Amino acid sequence: MFSEELKYQLDAMLETYNDNHSDAIDLICEHHLGVLGARDSRISSINEEGIHLSTSDGGSTLERTLEFLEMPNTNEEVVGVLLASLSDARSKAPSNVPKTKIELEFEKTRRLKTYFTEVFERRDVSSNILELKFKGGLEELPNLGNDAFLYFIVDSSGETDDFPPGFSMETFRRSGTKGLKRHYSGAYYTIREYREDAIDVWFVRHADAGPLSHWAENVSVGGKAAIWGPRTSFKPPQHTNRYLFIADETAQPAVLSSIENLPDQCEYACLFETHDDSSSFELGDKSDFVEWIYRKQEKAGEGTGLIKKISELKLDTENLYIFGAGETRQMSAIRRQLMSSHNLSSDQITMVGYWSRSRL
C-alpha cells in the first residue's frame, strides 16, 4: 500500500502533469499504448497497480493503464515510469510528430553545466528568509535574468563539503545506485541577484526543514555547493505589457528578479503571500505594486487568503501575462481558478510548483 505521504505527492504530480503536460500524455496514449488519434488525454488516477490514463480517439473515451512491474516507493519512481513510456512513444512516433514540452526541456538540460562555488556572506532578509551570497567558480554561469533557477547539491552528511574529482549533476543522479545518495542532497533555488562571479540566493526557513534548508541554516562562510543550470520558466508572449505576479516566500526572489528585468513602460502588480508582517521585507520602489497577504495561523501552502483574493480579481486580459510560483497544489488551484474565471490563453499564464507540502 502507498503511504499517505506518497499518495499526497502523487496527487500533486497528477495535477501538474494534467495542467502542464497533456501533450506528453497524448503522445504516450497514441504511440506507446496504441490509441489512434489520442486527444484530451489525462492521468485519471495513480494507485498500486499503475498510472491510469483517460483519453479519446475522437469518438469515445478510453481508459488505459501504465502498469507497474513492481510497486514504486517514491514519487520519482512513478515519474520514471511515465518518462520511460514517453521515450518508447517517441521511438515509435513518426519523425514529423512535434516534440513535447518535456522533451524540449530535456534537450535544453543536456547542455547545462555543473559549477562549484562557496558561501562568502550570510544575512537575514526577514524572519523566515535567509540570504546566502556565493562567490567563485561562476565566471561562466549565464545570466538569464527573470526567474533563473539552479539545482543546488550539498554534502548533507556533515562529514565534508568537498566534492570528489569529476563530480557533476550526472554523478548525483547516479549516486543512489552507488550508495552515495546519503551523502548528498539537492533542491532547486532561484537566483535573487547575479553579479560577476557571484550570486545571491534566498532560502526559506521551514518548520519542517528539508536537507537543503537545514544546510543553509547551519553552513558557515566557506561552505561549498555544486550548482547545475540555470533554467527559466518565465516566458511571456510577444507584445505583453502588463503582468500579474503571484508568489509565496519560495518564489518572491524569482518575482523580484523578473520585475527588475521588465521592459520600460510595463505595468505590473504582485500578490505576495507570507506568514505575517515579520516575514515581509522592505521593497523600496516596488512597495506600491505589491500587496502582502498574511497566512497568520494557517500553514504554508494551505493559506486561504491568497485564493480568496484571486477569486475577487477583475482582470483585463489583453496583453496580460500571469506568472506564479509556490506550493504545487496551491498553484494548480490558482491556475484553475484564473483559467475558469478569465478569458486567458494557455500561454498567458505560467504557474510553477516550487515545493509540495506534506499531508502529515
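Residues numbered from 1 in each chain as written. Predicted model: local features only at pLDDT ≥ 70, side-chain atom pairs only at ≥ 80, totals over all residues. Heavy atoms only, no water.

Turning next to the overall build of the chain. Within the chain, the regular secondary structure consists of nine helices and 14 strands. What you see for the chain is a C-alpha radius of gyration of 21 Å, in line with the 21 Å of a compact globule of 360 residues. Seen along its three principal axes, the alpha-carbon backbone of the chain occupies a region of about 60 × 55 × 40 Å. Per-residue burial over the chain gives 49% buried out of 360 residues. Taking contacts inside the chain between residues at least 6 apart in sequence as the whole, the part at least 24 apart equals 67%. Accessible area for the chain stands at about 18000 Å²; split by element, carbon and sulfur atoms hold 47% of it. Counting 40 positive and 58 negative side-chain charges, the chain places the centres of these two groups 2 Å from one another. (Helix = DSSP H or I, 4+ residues; strand = E, 2+ residues; numbered from the N terminus. Rg over C-alpha atoms; globule rule 2.2 N^0.38 Å. Buried < 20%, exposed > 50% of the residue type's maximum accessible area, 1.4 Å probe, protein only. Contact = heavy atoms within 4.5 Å. Areas by Shrake-Rupley, 256 points an atom, 1.4 Å probe, with all protein chains shown as cover. Lys, Arg positive; Asp, Glu negative; His and termini not counted. Charge placed at Lys NZ, Arg CZ, Asp CG, Glu CD.)

So, about empty space enclosed by the protein. Counted by the stated rule, this structure contains one cavity of 30 Å³ or more. In terms of lining, the largest cavity is formed by Tyr17, Ala24, Ile25, Ile28, Leu82, Leu83, Leu86 and Ile102. Mapped by element, the contributors of at least two residues to the lining of the largest cavity are helix H2 (22-32) and helix H3 (75-92). Broken down by class, the residue content of the lining of the largest cavity amounts to eight nonpolar, no polar and no charged. (1 Å grid on protein atoms, 1.4 Å probe; cavity = no way out; pocket = protein on both sides within 12 Å on 5 of 7 lines; lining within 4 Å. Points joined across faces, edges and corners; volume = space filled by probe spheres on them. Nonpolar A, V, L, I, M, F, W, Y, C, P; charged D, E, K, R; others polar.)

Among the residues making up H2, those that are buried are Ala24, Ile25, Asp26, Leu27, Ile28, Cys29 and His31. The inward-facing, buried residues of H2 contact helix H1 (4-20), strand S1 (39-46), strand S2 (50-56), strand S3 (61-67), H3 and helix H4 (101-109). Of the residues trailing H2, Gly34 is marked for its positive phi of about 80°.

A side chain with one charge may pair with a side chain of the opposite charge, provided their charged atoms come close. Inspection of the entire model under this criterion finds 22 salt bridges. Taking the shortest distance from any N to any O, the salt bridge between Arg242 and Asp316 comes out at 3.7 Å. With a gap of 74 residues between them, Arg242 in strand S10 (residues 242-247) and Asp316 in the loop between helix H8 (304-311) and strand S13 (320-327) connect regions that are remote in the sequence. Note on Arg242: relative accessible area 18%, which makes it buried. Judged by relative accessible area, Asp316 falls into the partly exposed class, the value being 47%. Residues joined by salt bridges that share partners form a network here, namely Arg123, Glu131, Lys133, Arg195 and Asp200. (Salt bridge = Lys/Arg side-chain N within 4 Å of Asp/Glu carboxyl O.)

Before going further, it helps to examine the confidence of the model for the chain. Per-chain confidence: the chain averages 90 in pLDDT, with 95% of residues scoring 70 or above. Counted against residues more than four places away or in other chains, residues 177-181, with its pLDDT under 50, gives five contacts. (pLDDT = per-residue confidence, 0-100.)

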